[in-house]
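Summary of structural features
Letter by letter, the chains look like this.
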Protein chains: 2
Amino acid sequence: MQRLGQQAREAATNVARAESGIKNNALLATAEILDASRAELVQANRQDLGNGKANGLTDAMLDRLELTPDRIDTMIEGLRQVAALPDPVGSIDNMRYVPSGIQIGQMRVPLGVIGIIYESRPNVTVEAASLCLKSGNATILRGGSEAIHSNRAIARCLQDGLRTAGLPLEAVQVVETTDRAAVGEMITMPEYVDVIVPRGGKGLIERISRDARVTVIKHLDGICHVYIDEKADLAKAEAIAVNAKTHRYGTCNTMETLLVHSGIAGEILPKLADVYGEKGVELRGCEKTCSILSQTVPATEEDWSTEYLAPVLAVKVVEDMDEAIRHINRYGSHHTDAIVTEDYTLSRRFLREVDSSSVMVNASTRFADGFEYGLGAEIGISTDKIHARGPVGLEGLTSQKYIVLGDGHIRT
Amino acid sequence: MQRLGQQAREAATNVARAESGIKNNALLATAEILDASRAELVQANRQDLGNGKANGLTDAMLDRLELTPDRIDTMIEGLRQVAALPDPVGSIDNMRYVPSGIQIGQMRVPLGVIGIIYESRPNVTVEAASLCLKSGNATILRGGSEAIHSNRAIARCLQDGLRTAGLPLEAVQVVETTDRAAVGEMITMPEYVDVIVPRGGKGLIERISRDARVTVIKHLDGICHVYIDEKADLAKAEAIAVNAKTHRYGTCNTMETLLVHSGIAGEILPKLADVYGEKGVELRGCEKTCSILSQTVPATEEDWSTEYLAPVLAVKVVEDMDEAIRHINRYGSHHTDAIVTEDYTLSRRFLREVDSSSVMVNASTRFADGFEYGLGAEIGISTDKIHARGPVGLEGLTSQKYIVLGDGHIRT
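None of the values given here were measured: they were computed from a predicted structure. (Residues numbered from 1 in each chain as written. Chains lettered and ligands numbered in written order. Predicted model: local features only at pLDDT ≥ 70, side-chain atom pairs only at ≥ 80, totals over all residues. Heavy atoms only, no water.)

Things to note about the overall build of chain A
From N to C terminus, chain A includes 14 helices and 17 strands. Rg of the C-alpha trace for chain A: 23 Å, near the compact-globule value of 22 Å for 412 residues, within the 12% margin. For the C-alpha atoms alone, the extent of chain A along its principal axes is close to 70 × 65 × 35 Å. Of the contacts made within chain A by residues no fewer than 6 positions apart, 72% connect residues no fewer than 24 positions apart. As displayed, chain A has an accessible area near 15500 Å², and 47% of this comes from carbon and sulfur atoms. (Helix = DSSP H or I, 4+ residues; strand = E, 2+ residues; numbered from the N terminus. Rg over C-alpha atoms; globule rule 2.2 N^0.38 Å. Contact = heavy atoms within 4.5 Å. Areas by Shrake-Rupley, 256 points an atom, 1.4 Å probe, with all protein chains shown as cover.)

Here is the structure:
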């Protein structure tokens, strides 16, 4: 692990100085190589899926693990999109003269070495490596043991891409061991790793946050809410509430609690309950919800702070938006929360007062994603406020140093 | 301390929602109150200076402690400048439509509660409080025991200003005790404090960084360099080398090591040595320097990584810019480094390759300062790459959340 770290640190200096064209060549070459290696990728992935089933992985985990043709397409498209994005490194913002006569600006610089620790999803390997490379950072990737065959197959494609472009292979390193101790070492060597991005279950991320000696960009869980206001357009509300819950169950931006204004609960909840029923979503309701939907399981206090990652939805009737905002800020995870309303003033207040990394009006929480936001892909979603908040793309992997141009200026 | 923390957390919600006009009223009222309280401030400061001398504080510490009329002017001017700056909170950047039809932007939000831990300089109290207030954060200020009378006098002005504007007095709290344990508590209560900004000696900052349970925005020391290139304009070089060292000795952006290209060392070093000699600056030179300036004390390895904060300067002759950059990146503290050159290509390479929070061409390192950079003032200078790098002003005290506006959009 120390050796990997040293190699990454050395490669980082090289990658930090690499011209955009060289980095793009590596990304585009990797895209072609992935496209030509579909059979190999699917085969490696089947091996992981078979082992996963045998080892009793949950459905949500198996869903994350699977490399479908669509997801391979998305990886390839992601690489091309990242290659097409402007290179953040060396870009200079806010260049201006100040009264003393000097000219000041801010130049983007890479963070250095990024350690990625993730579980099931093998497509993270490509997303993370491509964003780190484009932003001039070296990466150490430590995927889950359940995805080891998929990750090795992807890593081969990545390193072939680096080789094609003439970049050091150590710019992207995949930890080959599935030994847990490797993680412990990786998160406690600030001399070689500058930032850790853990992606996966809450247990993994809590453990890493507790033990890490370097900055961690993370979200613990995604307890996302949709609040349907009294002034909502009910057709929009129904579409969003169904999409936010049922588009995919295992993702962090999936709605876990639905809040409904008491003034329209009697009208919209039965309609929604029918759709959820058809889709096999179990509802757990507050007292008022249960009085409207008589067959609903009563929710416990725990339900309000649970990320189900499954076809289960907590439902609460609230008196007004203030109660909704209080509920979201108290029980939510500061990830993504949406209001459905046609009311101008309430929409402005909701945007300002909900303390989450993404706050939405009349849109599905499922949009909270670097790809959807146009970042090319995302390295993770941060629910913290330090350094980055929300989906983290290229800019989140850089910092800005000040540059000052003078002509012999001195301070008086 | 827990009580202070709780009060700050509650006040933070209030301040986060306060309109710009209200926050500006508090800042401008404080400026007026400070201006009317000069006699009281100077008297309190004299008490601290007297105690400091009796307790054997160094000249550098006494210099930092002193509240001269000029520094009071600067505090007042700083408050007015911060009031005049645009309010970062709620400002929305990069609002754009993406292909799915949703509109995405980023809204600035306060970080929450900022803890400031500082030593001698009482003017930090005003700088820090004003920036935190304007950026919608609550502050807990813990100054050094040597400045307690000055800080209390300043705190009274600040709280009078908050009262005038109708803001909660708990938005700016000064820790009244000089008990050291208070610091330990303050940096380990993430439930009440979001960020710690330590300002002061390296020992203080190292201790805080090691023990803190929340993010620390910091620089450990300022080992700043000026590199005089072979292609330098010698008049500019002399002005900058003298200003960077002798304008003030006790500040973090003061030059501590001078690097000189071997091709011009014989010409410029004797001239510089004369000026430094007149100003009482002791030189410690590498072997080549000593051969040019025969009466120079030889530098030891330790000198290259020492922040003197005193009229002492290490001097090294280098073969070319590459050696200078290697020296800076190895021995420097990633704070502020400058090149003096008329060479276009070298200036571009220096800006890109020096890994410091401020990199300058033909300007004195003394400019590295939030006030000089037009940030209004600075909460600190960060030599880290996470969250903020260089002088940290209003933006560094905020984060950006994503906002998404749709019209019933769902993800397909």
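Next comes the rest of the description.
Focus: the environment of isoleucine 328 of chain A
Residue and element names in this part refer to chain A. Secondary-structure assignment places isoleucine 328 in helix H13 (residues 321-331). Residue classification places isoleucine 328 among the buried residues on the basis of a relative accessible area of 1%. With 105 residues separating them in the primary sequence, isoleucine 328 and isoleucine 223 have C-alpha atoms 8.9 Å apart. In this structure isoleucine 328 touches His225, Leu259, Asp337, Phe350, Val354 and Ser356, once residues within four positions along its chain are discounted. (Buried < 20%, exposed > 50% of the residue type's maximum accessible area, 1.4 Å probe, protein only.)

Some details on the confidence of the model for chain A
Summarising the model, chain A shows a mean pLDDT of 94, and 100% of its residues fall at 70 or more. Overall fold confidence for the complex sits at a pTM of 0.89, while the interface term, ipTM, reaches 0.89. (pLDDT = per-residue confidence, 0-100.)

Some words on the packing of helix H6 (residues 123-134) of chain A against helix H7 (residues 148-165) of chain A
All names here are of chain A. Taken N-terminus to C-terminus, the directions of H6 and H7 make an angle of 25°; their axes are 10 Å apart at the nearest point. By the angle between their axes, H6 is roughly parallel relative to H7. Crossing geometry of H6 relative to H7 is assigned as right-handed. The residues of H7 that touch H6, namely those facing Thr125, Val126, Ala129 and Leu133, are Asn151, Ile154, Leu158 and Leu162. (Axes fitted to C-alpha atoms, helices over the stretch in contact; angles between N-to-C directions. Parallel < 35°, antiparallel > 145°, perpendicular 65-115°, else oblique. Left-handed = near helix turned anticlockwise from the far one by under 90°.)

A look at the side chain of aspartate 369 of chain B
Its place among the elements puts aspartate 369 of chain B in the loop between strand E14 (358-363) and strand E15 (380-382). Once residues lying within four places of it in the same chain are set aside, the contact partners of aspartate 369 of chain B are Arg411 of chain A together with Asn253, Glu378 and Pro391 of chain B.

A few points about the sheet that holds strand E11 (residues 297-298) of chain B
Pairing is mixed across the open sheet formed by 10 strands, whose spatial order is E1(A)-E2(A)-E17(A)-E14(B)-E13(B)-E8(B)-E9(B)-E12(B)-E10(B)-E11(B). Taken across any chain shown, the strands that pair with only one partner, and hence form the sheet edges, are strand E1 (92-97) of chain A together with E11 of chain B. Sheet analysis places strand E8 (residues 224-228) of chain B next to strand E13 (residues 336-340) of chain B, joined by 4 bridges and oriented parallel. Within the sheet, the bridge partner assigned to isoleucine 228 of chain B lies in E13 of chain B and is valine 340 of chain B. The strands that helix H13 (residues 321-331) of chain B touches are E8, strand E9 (255-261), strand E12 (312-318) and E13 of chain B; relative to E12 of chain B, the one it contacts most, it runs at about 140°. (Pairing = 2+ DSSP bridges.)

Quick look at the domain arrangement of chain A
Residue and element names in this part refer to chain A. Each assigned domain of chain A is listed here: domain 1 (2-217 + 379-405) and domain 2 (224-367). Relative placement of domain 1 and domain 2: their C-alpha centres are 33 Å apart. At the interface, 11 residues of domain 1 touch 12 residues of domain 2. Buried surface at the junction of domain 1 and domain 2, both sides included, amounts to about 820 Å², of which 44% is carbon and sulfur. For the domain 1 face of the interface with domain 2, the top three residues by lost area are Arg64, Thr383 and Arg389, together amounting to 47%. Counting across the interface, domain 1 meets domain 2 through 3 salt bridges. Only helix H4 (59-65), strand E15 (380-382) and strand E16 (390-392) provide two or more residues apiece to the side of domain 1 that touches domain 2. Examining the composition of the side of domain 1 that touches domain 2, we find that 3 residues originate from one element, H4, more than from any other. Residue classes in the side of domain 1 that touches domain 2 are distributed as 3 nonpolar, 3 polar and 5 charged. (Domains from an automatic or database assignment. Buried area = accessible area lost by both parts, 1.4 Å probe. Salt bridge = Lys/Arg side-chain N within 4 Å of Asp/Glu carboxyl O. Nonpolar A, V, L, I, M, F, W, Y, C, P; charged D, E, K, R; others polar.)

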